[in-house]
Amino acid sequence: REEMRMRIGKKRYITIWFVLSVFFVSVLWCYPNVHAATSGEVPCSEGSVSWSLSDRGELVFSGNGTTDILNGAPGGWWNYYWNDIGFVKSDVTSIRVAEGSAIQLDAADGMFLNYSNCTSIDMTGFDTTQVEDMSSMFYGCTGLENLNITNMDTSNVIDMCGMFSHCYALPALD
């Protein structure tokens, strides 16, 4: 009887170990390598904004509209890899707004959270006049080398906590 219990216990252990191993391998190995859509629409309270992601990793927003969906704070671990509008953050190497477009932001907290492979962000075209929270806006942009915030309006901002945390490659701000 004791020997039978040991065999059953060992089989359960092996089965549980196998299932957990397959799960963790699929999550840790496959998930970050998944590529999502290359274009789409940004949900807006007014107007319309679209986005496109080139093969070179250039993320371009175009259109005229008001949105708060670009902030990355909600979503926990999900937002570590994905943006709420459908692309994988690690695929992005640069971000800009298309010429002639104007995108009003209602929120900017965590907006570029963990875009670790992004080397350039141009804030020209993002209207930040209504934004009150810019906490963790560029947090985790470890590869960011060029940041154009020349026209960024921070007059209504109350919280900038951790705004540039972990931007190790960023040499200076003007």
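Small disclaimer: the values here were computed from a predicted structure and weren't measured. (Residues numbered from 1 in each chain as written. Predicted model: local features only at pLDDT ≥ 70, side-chain atom pairs only at ≥ 80, totals over all residues. Heavy atoms only, no water.)

### Some thoughts on the overall build of the chain
Here comes step 1: Scanning the chain for helices and strands turns up two helices and eight strands.
Here comes step 2: Its helices and strands in sequence order give the chain the pattern α-β-β-β-α-β-β-β-β-β, from N to C terminus.
Here comes step 3: Out of the 174 residues belonging to the chain, those deemed buried represent 34%.
Here comes step 4: Put simply, of all contacts in the chain between residues at least 6 apart along the chain, 68% involve residues at least 24 apart.
Here comes step 5: For the chain, the exposed area adds up to about 10,200 Å²; of that, 56% sits on carbon and sulfur atoms. (Helix = DSSP H or I, 4+ residues; strand = E, 2+ residues; numbered from the N terminus. Buried < 20%, exposed > 50% of the residue type's maximum accessible area, 1.4 Å probe, protein only. Contact = heavy atoms within 4.5 Å. Areas by Shrake-Rupley, 256 points an atom, 1.4 Å probe, with all protein chains shown as cover.)

### Looking at the nonpolar core
Nonpolar side chains tend toward joint burial in soluble globular proteins.
Here comes step 1: The biggest cluster of nonpolar side chains holds 33 residues, and the ones touching the most others in it are Phe-61, Phe-112, Met-123, Met-137 and Phe-138.
Here comes step 2: When near neighbours in sequence (up to four residues on either side) are disregarded, Met-137 contacts Ala-108, Gly-110, Met-111, Phe-112, Leu-113, Met-123, Met-152 and Met-163. (Core = buried A, V, L, I, M, F, W, Y, C linked by side-chain atoms within 4.5 Å.)

### Considering the packing of aromatic side chains
Here comes step 1: Under the counting rule described, the total for this entry stands at five aromatic pairs.
Here comes step 2: Ring geometry for Phe-112 against Phe-138: centres 5.5 Å apart, planes inclined by 15 degrees, an arrangement best described as stacked. Residue Phe-112 is found in the loop between strand E5 (102–105) and strand E6 (120–122), and its partner Phe-138 is found in the loop between strand E7 (126–127) and strand E8 (146–148); the two are separated by 26 residues along the sequence.
Here comes step 3: Of the residues examined, Phe-138 reaches a relative accessible area of 0% and is grouped as buried.
Here comes step 4: Among the aromatic residues, those joined into a cluster by ring pairs are Phe-61, Phe-112, Tyr-115, Phe-126, Phe-138 and Phe-164. (Phe/Tyr/Trp six-rings, centres within 6.5 Å; stacked < 30°, edge-to-face > 60°.)

### Comments concerning the side chain of Thr-66
Here comes step 1: Within the fold, Thr-66 resides in strand E3 (residues 58–67).
Here comes step 2: Residues in contact with Thr-66, not counting those within four places in the same chain, are Cys-44, Ser-45, Glu-46, Gln-104 and Asp-106.

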